[in-house]
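Report on the structure
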Amino acid sequence: MSHSQALPFQQSPHRLRLGLRLLFIFLAYFVSGKLGLHFPFIPPNITLIWLPTGIAVAAIYGWGYQVSIGIFLAALALNLGTGVSWYAGTMIGLGNTLAPLVVAWYLKRKNFSLNFIHRDDVIHFCIASMLGMTISASFGSFVLWQTDLFTDPKFAWISWWAGDTVGVFLATPFLFALMGSYSKIRQTYEENFIFLCIFGVVHWAIFLSQSSLLHLTFIAIAIMIWGAIRLGNFMASVTVIASSAFAAIATYRGLGPFQSFNPAESSIVLWLYMATLSITALLITALQAERIAATNELRDAFERISKVASRLPGVVMQYRIRRDNSTNVLYASDAIEGMFEITARDIKNNASMLVKRIDTADKKAFLQNHEYATKHLSPYQMEFRYHRTDGTVRWLFLDALPELEPDDDSTLWHCFISDITERKAAEQDLRVAAITFESQEGIFVTDNQWRVLRINQAYSRTTGFDAHELIGKPLPRHLTAQQDEIFFSNIYQALDQHRYWQGELWAEKKNGEIYPQLITLTAIANDTGMITHYIGSFTDISRHKGYEDEILNLAFYDPLTHLPNRRLLMDRLQHLIAMNQRDDAHSAILFIDLDNFKTLNDTRGHDAGDLLLIEVAQRLQTCVRESDTVARLGGDEFVVVLQALNQDKDAAAVQADKIAEKIRLLLNEPYQITDFIHHGAGSIGVCLFQGGDITVKDLFKRADTAMYEAKTSGRNAVRFFDPAMQAVLVVKMMLESNLRVALALEQFQLYYQIQVDADGNVIGAEALLRWIHPDRGFISPLEFIPIAEQTGLIIPIGTWVLETACHQLKKWGRNPRTAHLSLAVNVSAKQFQQTNFVETVTEIVRLHNINPSRLKIELTESTILDNVDATTEKMQQLKKLGIAFSMDDFGTGYSSLAYLQKLPLNQLKIDQSFVRDLSDDENDATIVRAIISLGLNLGLDVIAEGVETVAQRRFLIEHNCLTFQGYLYSKPIPIEGLDALLAGDSSDHQFLLTPPDPDE
């Protein structure tokens, strides 16, 4: 079905409803009009009560302007029924239709309420009615005047206007009330019934009673006022219509208060009564509606305020302080019970309970502030603590505004009290957070796009960036080859997964300086899990990095030369051995010891020695590759590790030898040490290794063994380790062990070699140490003395020698033939350097009770040069005791007149190496003559050792050396042979004694 076809069907209900309304309006207007025409004021068409006009106004206002057709037709029918012409009926009907149209139009323009809820509605209604009815009055009176139905048009107009107006006043409010007051009637059924009963009785008594003498019309007004006030608009309009009907019927029957007038006057008075009653009822109804609306508005406002107050995070309260300081609470919101643990009823007549549990520390200030504010009517705010019954303390905030009540000078306080305990805690947390934020660590906050939101002062101090330079901008990053985009992506991924990342970053300051930072990053997420912010805190660890480097240097590097130390060297060697397990290449370790370094230290000082070590370290580094290692073990010992040599052992040995020889030659070059030139050298031991069949400890042992082989071979040499070296080392170790046993088991003996003068007289002897091993037999001193020196066993052995020598001197002292003999004892440098050496010798001399002048201590030049000042001091102390000193092996060392003059020597001993070739080597002869001359000039005795021929003896005597020792007179012999020799019996002993030539 098309739209055009469906439209008539859809509109049919509307047309039917309109038709029914037109029919209803026509009938209502016609019937009420017929009733009104039965009481004409001016025949045939003028009456003072014309209800159809009121019906027309209500119908047009309620149902619309289209019902005007029914009104016009009904008015036309009524007027034609009175016998007027069609023209007159049409004009009068047109006026009766236009008048209610104008009234309805005006009321709609003024937003009129048909329930008369405001006095303005009554005013607009009255004005519209009175103005609108001038149209119908004008049309009707003019038409009837033209038809000569009456002669006074002014009176007719007024009468017509009055009848239409009062009809509107009576009918329209009733019909308006009927449209919306049915529910009101049902709600007040009982009161309505009582009202109607009283209304009926009172109006019957006033208007219809035949015998009543009380024509008290004002009682009807009182009844109307009751209905208007108590029962609403509908009952008020019903009252007006009903009262008007009672009055009209009574007047028509000649009863009631209006029956005493003539008919015209009675109609006018009745009209005035109805008009007054209608307007009064409308005004009372409107005023009552305004009052009810205002009351409802106040109640609704109060309820809204109460609801709002109940939702507020605090207590809303009004309380009054009277002049006598009594108090009462006018209003308190429901929150007072939860906050103060009391109800509004408890403090309604006395608000002092509120102050009792205020904290003592705050109560005085609270009362003072309250008193001041009351006196000056000034608002005040205050924070105070309040104690609850469970012992907890809550922080409360009071905001109070005073208002003076003029009636009795009371003060009305409007207060709002809120619980700020959480806020105080939050403030405390904020203070802590603020202090924490401004800590010594740099802190920054960014959004989820890494745009800076906030930085602290430590951030600015560390980086140099101010807040305004960074806020709103991306957080600065420092990109390097290692710290690239992938690096930062891993950080972001860790933050997404774990919400946390900590580590070290390199960052850039404002001035371009790059520095390390230890940083902690935290991701902040909202309730949905989405990251909203990032917080970072960092510290500049440049100093810590420096400390780490320093600690690393101290732990793994030599502080003087900055070379790797023993620990780092061993780590690298261990790593190299592990690498060699997977590689066939050979490696080598070079053990380097500087020759005569101790002499430089003692003669030139430790500063000079340190400078030499630094120069050596630099030279060593120039001889090796970057992959090799140069290390310092300590003292004057260096190690060079050569890796990745040839896979062939011989080729690798050649490579190592070339590098070692290069190092040796470089170490031989002169050194400029401050203001002097030093000539140095080094002994180098080399050990090749391959694979993992050796330990680091073994490597060190082998290289050290090779280095000592270089030392033994005359120093300034390169030697490779081989198994024969290891065998020698094992022998030395066994020898060391046997030395300790020999000392404990007294396997040592003293042999004696006599010393004679130019006349052949024995003047003394030199005690020489001998070791008679039970298995190996005689062991040469050249074999065991160096080991005793290295192990420190020379000290107890030397003490034993001194004790044995002193014991022998004691024996000689008892025999007059030997009491004049002296005994020379060799003392090693290590023994002489002992701090208690002087005390030890003194104690030995005292215990054996010998003549100290018969004991002669022989010292080598190296012993004296180790520490000239300390040596001289010890010699002086022993010299005071009477002990003599002889310098052994004179001429083989660095002889110097300077120390010879300072030392308290008694004798110089010419070394046998010079005496041996006296006859054949002019250089040796020259040296011997010089030594003799030097000794004599210094006032020292000179003795020559190693004298084996008469020619040597003759040469020495010729040059004034008059004391001798050697095989020409005797080999070193045990004490038994020496005793026999001294006694003149030498048959049982193998020794050589050649008497002096008679010619000599």
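Let me begin by describing the structure that accompanies this report. (Residues numbered from 1 in each chain as written. Predicted model: local features only at pLDDT ≥ 70, side-chain atom pairs only at ≥ 80, totals over all residues. Heavy atoms only, no water.)

1. Structural notes on the overall build of the protein chain
What the protein chain contains, in helices and strands, is 35 helices and 26 strands. With an accessible surface of roughly 52,000 Å², the protein chain has 57% of that area assigned to carbon and sulfur atoms. (Helix = DSSP H or I, 4+ residues; strand = E, 2+ residues; numbered from the N terminus. Areas by Shrake-Rupley, 256 points an atom, 1.4 Å probe, with all protein chains shown as cover.)

2. Overview of a nonpolar patch on the surface
Among the surface-exposed residues, Tyr65, Val102 and Trp105 lie close enough to one another that they form a single nonpolar patch of about 280 Å² accessible area. With respect to the secondary-structure elements, Trp105 resides in helix α4 (residues 86-109). (Patch = residues over 30% accessible without salt bridge, like charges linked within 9 Å, V, L, I, M, F, W, Y side chains within 5 Å. Salt bridge = Lys/Arg side-chain N within 4 Å of Asp/Glu carboxyl O.)

3. So, the sheet that holds strand β2 (residues 327-332)
Within a sheet, neighbouring strands are paired by backbone hydrogen bonds and run either parallel or antiparallel to one another. Taking strand neighbours across the sheet as the criterion, the 5 strands line up as β2-β1-β5-β4-β3 in an open arrangement whose pairing is antiparallel. The two strands at the open ends of the sheet, each matched to only one other strand, are β2 and β3 (380-387). Here the average twist between neighbouring strands, direction ignored, is 30°. Of the pairings in the sheet, the one linking strand β1 (residues 314-321) to β2 comprises 5 bridges and is antiparallel in character. Its bridge partner being in β2, Gln318 is matched across the sheet by Tyr331. Against the sheet, helix α13 (residues 360-376) engages β1, β3, β4 (393-405) and β5 (410-419), with an angle of about 150° to β3. (Pairing = 2+ DSSP bridges. Axes fitted to C-alpha atoms, helices over the stretch in contact; angles between N-to-C directions. Contact = heavy atoms within 4.5 Å.)

4. A closer look at the packing of helix α20 (residues 597-604) against helix α21 (residues 606-622)
Across the interface, α20 lies against α21 with an axial gap of 6 Å and an inter-helix angle of 140°. Considered as vectors, α20 and α21 are oriented oblique to each other. Here Phe597, Leu600, Asn601 and Arg604 of α20 come into contact with α21, specifically with His606, Ala608, Gly609, Leu612 and Leu613. In the contact of α20 with α21, the residues fall into 5 nonpolar, 3 polar and 1 charged. (Parallel < 35°, antiparallel > 145°, perpendicular 65-115°, else oblique. Nonpolar A, V, L, I, M, F, W, Y, C, P; charged D, E, K, R; others polar.)

5. Section: helix α28 (residues 837-848)
Across its 12 residues, α28 extends 17 Å between first and last C-alpha, which sits within 8% of the 16 Å expected from 1.5 Å per residue. All buried positions along α28 are accounted for by Phe837, Val838, Val841, Ile844, Val845 and His848. The buried residues of α28 occupy one face: seen down the axis, they fall within an arc of 135°. Away from the buried face of α28 by more than 90 degrees, exposed residues Arg846 and Leu847 are located. At its buried positions, α28 is contacted by α26 (794-814), α27 (829-832), β22 (855-859) and α30 (868-881). Phi turns positive one or two residues past the end of α28, at Asn849, with a value near 50°. (Expected span 1.5 Å × (residues − 1). Buried < 20%, exposed > 50% of the residue type's maximum accessible area, 1.4 Å probe, protein only. Arc of directions from axis to C-beta.)

6. Thoughts on the packing of helix α2 (residues 51-63) against α4
Remark: α2 packs on α4, axes separated minimally by 8 Å, with the N-to-C direction vectors making an angle of 45°. Considering their axes alone, α2 and α4 lie oblique with respect to each other. The handedness of the crossing between α2 and α4 is right-handed. Of the residues in α4, those touching α2 at Thr53, Ala56, Val57, Ile60 and Tyr61 are Pro100, Leu101, Val103, Ala104, Leu107 and Lys108. The residue makeup of the contact of α2 with α4, split by class, is 9 nonpolar, 1 polar and 1 charged. (Left-handed = near helix turned anticlockwise from the far one by under 90°.)

7. A closer look at the pairing of strand β9 (residues 514-525)
Here 9 bridges tie strand β8 (residues 500-508) to β9, and the two strands are oriented antiparallel to one another. Note on β9: the bridge partner recorded for Tyr500 is Thr522. The turn linking β8 back onto β9 is made up of 5 residues, and Gly512 within it adopts a positive phi angle of 90°. Bridge count between β9 and strand β10 (residues 531-540): 9 bridges; the pairing is antiparallel. Paired with Ala525 across the strands is Ile531, a residue of β10. Once β9 ends, the chain turns through 5 residues before running back antiparallel as β10, passing Gly529 with a positive phi of about 90°.

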